[in-house]
Amino acid sequence: MNIYDIDHEKVYYWANAYNAKMMYEGLSVDIIDLEGLLTKMSFQKLTGYVDVLIGKGEERGLIFFQNGDMVVGSYSWNNGKIRNFQEDQKLLIQKTKEGGGTFNVGKIPPTMENKEKRKIQTSRRLFSNALNMLEELLIAFEQTVGSNKKIKTGSSILLKKKFVELAGKYDFLDPFAGEFEYSDQKISFKGDASTQDLIYGVVESVKESANELGILHQLEKNLDPWFKRHCDMLKRYRISFP
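The rules behind these values
Residues numbered from 1 in each chain as written. Predicted model: local features only at pLDDT ≥ 70, side-chain atom pairs only at ≥ 80, totals over all residues. Heavy atoms only, no water. Phe/Tyr/Trp six-rings, centres within 6.5 Å; stacked < 30°, edge-to-face > 60°. Helix = DSSP H or I, 4+ residues; strand = E, 2+ residues; numbered from the N terminus. Buried < 20%, exposed > 50% of the residue type's maximum accessible area, 1.4 Å probe, protein only. Lys NZ or Arg CZ within 6 Å of the ring centre and 35° of its normal. Salt bridge = Lys/Arg side-chain N within 4 Å of Asp/Glu carboxyl O. Pairing = 2+ DSSP bridges. Contact = heavy atoms within 4.5 Å. Axes fitted to C-alpha atoms, helices over the stretch in contact; angles between N-to-C directions.

Draft legend 1. Region of the structure containing the packing of aromatic side chains. In total, this model carries 8 aromatic pairs according to the counting rule given. Judged by centre distance (5.9 Å) and plane angle (45 degrees), the ring pair of Phe127 and Phe189 falls under tilted. Note that Phe127 is positioned in helix H4 (residues 112–146) and Phe189 in strand S8 (residues 186–189), a separation of 62 residues in sequence. Phe127 gets classed as partly exposed once you look at its relative accessible area, which sits at 25%. Linked through ring pairs, Phe127, Phe163, Tyr170, Phe172, Phe180 and Phe189 together constitute an aromatic cluster. Geometry around Trp77 places Lys95 over its ring, the cationic atom sitting 5.3 Å from the centre.

This is how it looks when you write it as structure tokens:
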């Protein structure tokens, strides 16, 4: 008796290969050549297959993709046996050039586990980008305060006072909670607030402080590069100044 361990993603892949949803159906070699199509599918990280009918269906080839990688193929001249020989792929491309052909592209839907992983990865990326954006905002506030000789109080003290004022609305801003800290131009966050609440809380704090200090207009000017760098994030969360 031999016992083999099969990766669960591969099991899911092969179990669902023929239940794939059609991305493209009946694509003609006159529209896109097979080599170009395979390159495009690799670039798009296809998990699925490209089904190739040569001529009027006299011969056929199936190339299977996983995350954009061509893993194996099945070809009529090899009695449909699964192979990973590059020679067969080259021959398939050559046959479509000589005899024409049509292509169908099927996409295997991701598992729920993979969907959840991508959702978590997207959430983490957004959070990381948000922290970077807010750090730059706070640095700009520091510099604007520091360049105004009329303001005698340091920017860190001014921010902490504003954080205390807004802690009822954004509890993570409470300095005594130890969730949010800004020091040496870096943010440390240990709370569980959403990315949206984190952005709104910090932006509101900066805007109110700048307005009360009479430097909102100057801050807005200093933030011009910031607006351009983070325009997508600002649009996503509908952030505007003033």
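Read on, since the account is not over.
Draft legend 2. Structural view of the pattern of salt bridges. According to the stated counting rule, one finds 9 salt bridges in the structure shown. We note a salt bridge from Glu208 to Lys162, for which the minimum N-O separation is 3.1 Å. Of this pair, Glu208 sits in helix H6 (residues 195–213) while Lys162 sits in helix H5 (residues 155–166); the two residues are 46 residues apart in sequence, bridging distant segments of the chain. For Glu208, a relative accessible area of 28% translates into the label partly exposed. Counted as one network, the salt bridges with shared partners bring together Lys162, Glu165, Glu208 and Glu212.

Draft legend 3. Representation of the sheet that holds strand S3 (residues 59–66). Read across the sheet, 6 strands follow the order S1-S6-S2-S3-S4-S5 without closing on themselves; strand pairing throughout is antiparallel. The open sheet terminates on both sides in strands that have one partner only, identified here as strand S1 (21–28) and strand S5 (82–83). For strand S4 (residues 69–75) and S5, the ladder comprises 2 bridges, and the chain directions are antiparallel. Residue pairing in the sheet places Gly73 in a bridge with Arg83 of S5. In the packing of helix H2 (residues 34–43) onto the sheet, the strands contacted are S1, strand S2 (48–54), S3, S4 and strand S6 (101–107), and the crossing angle to S2 comes to about 175 degrees. Across the sheet, helix H3 (residues 86–99) lies against S2, S3, S4, S5 and S6, angled at about 45 degrees from S2, the strand it touches most.

Draft legend 4. Expanded view of the pairing of S8. Burial along S8 is one-sided: the residues Ile187 and Phe189 are buried and none of Lys186 and Ser188 is. As paired strands, strand S7 (residues 180–183) and S8 are joined by 4 bridges and run antiparallel to one another. Along S8, the bridge assignment pairs Ser183 with Lys186.

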